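# Remarks on the overall topology
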Amino acid sequence: MSENGPATAAIYARVSTSDQDVSRQLDEAQEHLERLGVKDIEEYPEIVSGAADTDTREVYNRLLNDVKTGQFDLVVVHEISRLSRLGPTEIHEFIQHCLEHDTGVEALDVGLKIHVDDGELQQTIYSMVARLMGDLAQIEHQQKLQRIRSGVQAAQSAGKWTGRPPAGFVVEDGYLRVDPAEFLHVREALTRVDRGESFATVTDDTGIAESTLRSLHQDRRDLYLGGKAEDDRVDEALTDVRPLEDVRTEDPALEELRERVKRLEEATDIDNR
């Protein structure tokens, strides 16, 4: 480190999913370092979930190795939680690792600054504060997830559908509704499979993906072939296509079923598959 401050610095930026962008973290850290007069800056952006194992954090581990070789005077993170979510003791270990190799640490969101020329007691206090901040960030994150889960549960309790609808169903105004033509189209396909036809043959005839047919036959056979649903929201939606013959135990009248599908497709202006 020069007499005027850090000459070299690293920025560690982390997001949890590929849908998120590290640009804001990097840009604000870059601006901070430019104000400090640092020109030699290396960025370490990473996408990794908080539940990942340590050995999968390639970028983070590379930063640790580069700090160990003495490449940097300072490491900057935009938010302290970007370190704390790596593990319950990770933030403390990261700071100690940096200080042992003459590298300071700064977290912009809480104004934390731990430098190698700070006294030992001051470093210890700052490290404790940093760990506390990280723990609080973790708690806040868990509370946010819980609020989201509670919102979903409340919507479900009110009879609303919160996820992707099953094949042959749609969501209207938050409630599950059956698409009669599509539902019976899927039902016919699964009936043929259930009576011994190959998945490949039925896929060719109906246009329904083989993977979809296999999944539905394995997980939702009772719904489509028996017209039975344990979920009250699904059961209510089936009202529009009842009565439904249980084709799991009786010989299905496929021609009659196909004719019914054809009539419904024509009535709803859906192309016959």
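Residues numbered from 1 in each chain as written. Predicted model: local features only at pLDDT ≥ 70, side-chain atom pairs only at ≥ 80, totals over all residues. Heavy atoms only, no water.

Applying the stated criterion to the full structure yields 8 salt bridges. Across the pair Arg-192 and Asp-205 runs a salt bridge, and its minimum N-O distance is 2.5 Å. One end of the pair, Arg-192, is in helix α6 (residues 180–194); the other, Asp-205, is in helix α7 (residues 199–206), with 13 residues separating them in the sequence. A salt bridge links Glu-210 to Arg-214; the shortest N-O distance between them is 3.0 Å. Of this pair, Glu-210 and Arg-214 both sit in helix α8 (residues 210–219), 4 residues apart, roughly one helical turn. The network of salt bridges with shared partners includes Arg-24, Glu-28 and Glu-79. (Salt bridge = Lys/Arg side-chain N within 4 Å of Asp/Glu carboxyl O. Helix = DSSP H or I, 4+ residues; strand = E, 2+ residues; numbered from the N terminus.)

For Asp-102, which is not a glycine, the phi torsion comes out positive at approximately 55°. The residue Asp-102 is located in the loop between α4 (90–100) and β4 (104–107) in this model. Its relative accessible area of 54% is what places Asp-102 among the exposed residues. Although it is not a glycine, Asp-173 sits at a positive phi angle of roughly 55°. Tracing the sequence through the fold places Asp-173 in the loop between β6 (169–172) and β7 (175–178). What makes Asp-173 exposed here is its relative accessible area of 75%. (Buried < 20%, exposed > 50% of the residue type's maximum accessible area, 1.4 Å probe, protein only.)

The interhelical angle for the contact between helix α2 (residues 58–68) and α4, taken along N-to-C directions, is 30°, at an axis separation of 9 Å. In this view, α2 runs roughly parallel relative to α4, as classed from their interaxial angle. Here Tyr-60, Leu-63, Leu-64, Val-67 and Lys-68 of α2 lie close against α4, whose contacting residues are Glu-90, Phe-94, His-97 and Cys-98. Among the residues forming the contact of α2 with α4, the class breakdown is 6 nonpolar, 1 polar and 2 charged. (Axes fitted to C-alpha atoms, helices over the stretch in contact; angles between N-to-C directions. Parallel < 35°, antiparallel > 145°, perpendicular 65-115°, else oblique. Contact = heavy atoms within 4.5 Å. Nonpolar A, V, L, I, M, F, W, Y, C, P; charged D, E, K, R; others polar.)

Pairing is mixed in the open sheet, where 5 strands are placed in the order β2-β1-β3-β4-β5. A single partner strand is all that each edge strand has here, and the edge strands are β2 (40–47) and β5 (112–114). The average undirected angle you get between the axes of adjacent strands in this sheet is 15°. Here β4 runs beside β5; their pairing, made up of 3 bridges, is antiparallel. Its bridge partner lying in β5, Ala-107 is registered against Leu-112. Against the sheet, α2 contacts β1 (8–15), β2 and β3 (74–77), and its axis sits at roughly 150° relative to β2. (Pairing = 2+ DSSP bridges.)

Let's shift gears to a negative patch on the surface. Together, Asp-21, Asp-27, Glu-31, Glu-34 and Glu-43 make up a negatively charged patch on the protein surface. Per element, the largest residue contribution to the negative patch is 3 residues, and it comes from helix α1 (residues 23–35). With respect to the helices and strands, the residue Glu-34 is situated in helix α1. The exposure class of Glu-34 is exposed, given its relative accessible area of 52%. (Patch = residues over 30% accessible without salt bridge, like charges linked within 9 Å, V, L, I, M, F, W, Y side chains within 5 Å. Areas by Shrake-Rupley, 256 points an atom, 1.4 Å probe, with all protein chains shown as cover. Lys, Arg positive; Asp, Glu negative; His and termini not counted. Charge placed at Lys NZ, Arg CZ, Asp CG, Glu CD.)

What follows is about the nonpolar core. Residues Phe-169, Phe-183, Leu-190, Leu-213 and Tyr-224 are the most contacted members of the largest nonpolar core, which totals 24 residues. Among the secondary structure elements, those contributing two or more residues to this core are β7, α6, α7, α8, α9 (221–226) and α10 (232–237). In terms of residue count, α6 provides more of this core than any other element does, 6 residues in total. If we ignore the near neighbours within four places in the chain, the residues touching Leu-213 are Ala-189, Leu-190, Phe-199, Val-202, Thr-203 and Ile-208. (Core = buried A, V, L, I, M, F, W, Y, C linked by side-chain atoms within 4.5 Å.)

It is worth spelling out the packing of aromatic side chains at this point. Enumeration over the complete set of coordinates arrives at 5 aromatic pairs. Between Phe-169 and Phe-183, the aromatic rings sit 5.7 Å apart at their centres with planes inclined by 80°, giving edge-to-face as the arrangement. Of this pair, Phe-169 sits in strand β6 while Phe-183 sits in helix α6; the two residues are 14 residues apart in sequence, bridging distant segments of the chain. Here Phe-169 matches Phe-183 in class, with each residue buried. Judged by centre distance (5.2 Å) and plane angle (25°), the ring pair of Phe-183 and Tyr-224 falls under stacked. Within this pair, whereas Phe-183 is found in helix α6, its partner Tyr-224 is found in helix α9, the two being separated by 41 residues in sequence. The residues Phe-183 and Tyr-224 share a single accessibility class, namely buried. Three or more aromatic residues joined by ring pairs make a cluster, and in this case those are Tyr-12, Tyr-60 and Phe-94. (Phe/Tyr/Trp six-rings, centres within 6.5 Å; stacked < 30°, edge-to-face > 60°.)

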